[in-house]
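Structure assessment
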Amino acid sequence: MSIKLQRVLRFIPGVNLVCFVAWIVLTIKKRMRFLYLFKTVLLMIALILFALMIERGLSSFSANMIFKYVLFYLGILLSSYIFAFISVSEQENISNGKYDIKKES
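Residues numbered from 1 in each chain as written. Predicted model: local features only at pLDDT ≥ 70, side-chain atom pairs only at ≥ 80, totals over all residues. Heavy atoms only, no water.

**Structural notes on the environment of G97**
To keep it simple, the criterion reads: We count a stretch as a helix when DSSP gives it H or I for four or more residues in a row; a strand needs E for two or more, and each element gets its number in order from the N terminus. Under the scheme applied here, a residue whose accessible area is under 20% of the maximum for its type counts as buried, over 50% as exposed, and between as partly exposed, the area being computed with a 1.4 Å probe on protein chains only.
Topologically, G97 is positioned in the segment after α4 (65-95). G97 gets classed as buried once you look at its relative accessible area, which sits at 17%. For the pair G97 and N16, spaced 81 residues apart in sequence, the C-alpha to C-alpha distance is 24 Å.

Here's what the structure looks like:
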């Protein structure tokens, strides 16, 4: 799947997780280190936890259940968007050769 198509797909809820799978496939195909994969997934999880903390904090200010449900679903959308955004940007970095080992001669 091309990166241009993934840029569009990352804005579609639910489908944008395809970008995450495409990034993992590219990482395996390019034989990237496990540490690279671990660091990037850890960054994704940290950003998602930060977004969830903000969502929980905002929902604690109101007793309105509709407001809480709206914030909950916005949190889910934001979480999937974080996965897709980082995945697509890392695929662009891999394609541009940012992580290639440069030989000195």
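Moving on, there is more to tell.
**Notes on the packing of aromatic side chains**
Centre-to-centre distance and the angle between the planes together describe a pair of aromatic rings. Going by this rule: Each pair of aromatic rings taken from Phe, Tyr and Trp, with Trp reduced to its six-membered ring, is defined by centres within 6.5 Å and is described as stacked if the planes are under 30 degrees apart, edge-to-face if over 60, and tilted in the remaining cases.
Throughout the structure, instances matching the rule amount to seven aromatic pairs. Each ring, one from F34 and one from F38, has its centre 6.3 Å from the other, and the planes form 25°; the classification is stacked. Of this pair, F34 and F38 both sit in helix α3 (residues 34-59), four residues apart, which is roughly one turn of that helix. Three or more aromatic residues link up through ring pairs in this structure, and these residues are F20, W23, Y36 and F83.

**Section: the side chain of E90**
Threshold: Pairs of N or O atoms within 3.5 Å make up the polar contacts considered here, provided that, within protein, one atom can donate a hydrogen while the other can accept it, and that residues adjacent in sequence are counted only when both atoms are side-chain atoms. Residues are treated as being in contact if the distance between any of their heavy atoms lies within 4.5 Å.
With respect to the helices and strands, E90 occurs in helix α4. Overall, the relative accessible area of 12% leaves E90 in the buried class. There is a polar contact of 2.7 Å between the side chain of E90 and the side chain of Y36. The residues contacting E90, other than those within four sequence positions of it, are W23, Y36, T40 and Y99.

**Section: helix α2 (residues 17-29)**
Spelled out, the test is: To estimate the expected span of a helix, count its residues, drop one, and scale the result by 1.5 Å. When we speak of the arc, we mean the arc of directions from the helix axis to the C-beta atoms.
Here α2 is 13 residues long and its end C-alpha atoms lie 19 Å apart, about the 18 Å a rise of 1.5 Å per residue gives. Of the positions making up α2, those classed as buried are C19, F20, A22, W23, L26 and T27. Axial view of α2: buried residues confined to an arc of 165°, hence all on one face. Across α2 from its buried face, at more than 90 degrees, point the exposed residues I28 and K29. Buried residues belonging to α2 abut α1 (3-9), α3 and α4. Taken from the residues just after α2, R31 is the one with a positive phi, measuring 55°.

**Remarks on α4**
In this model α4 runs 45 Å from its N-terminal to its C-terminal C-alpha over 31 residues, within 8% of the 45 Å that 1.5 Å per residue would give. By the burial criterion, the buried members of α4 are L71, G75, S79, S80, I82, A84, I86, S87, V88, E90, Q91 and I94. If you follow the buried residues of α4, they end up packed against α1, α2 and α3. For α4, the capping residue at the N-terminal end is N64, with a side-chain oxygen 3.1 Å from the backbone nitrogen of I66.

**Let's talk about unusual backbone geometry**
Positive phi outside glycine occurs at R31, with the angle close to 55°. In this structure R31 comes out as exposed when scored by relative accessible area, which is 76%.

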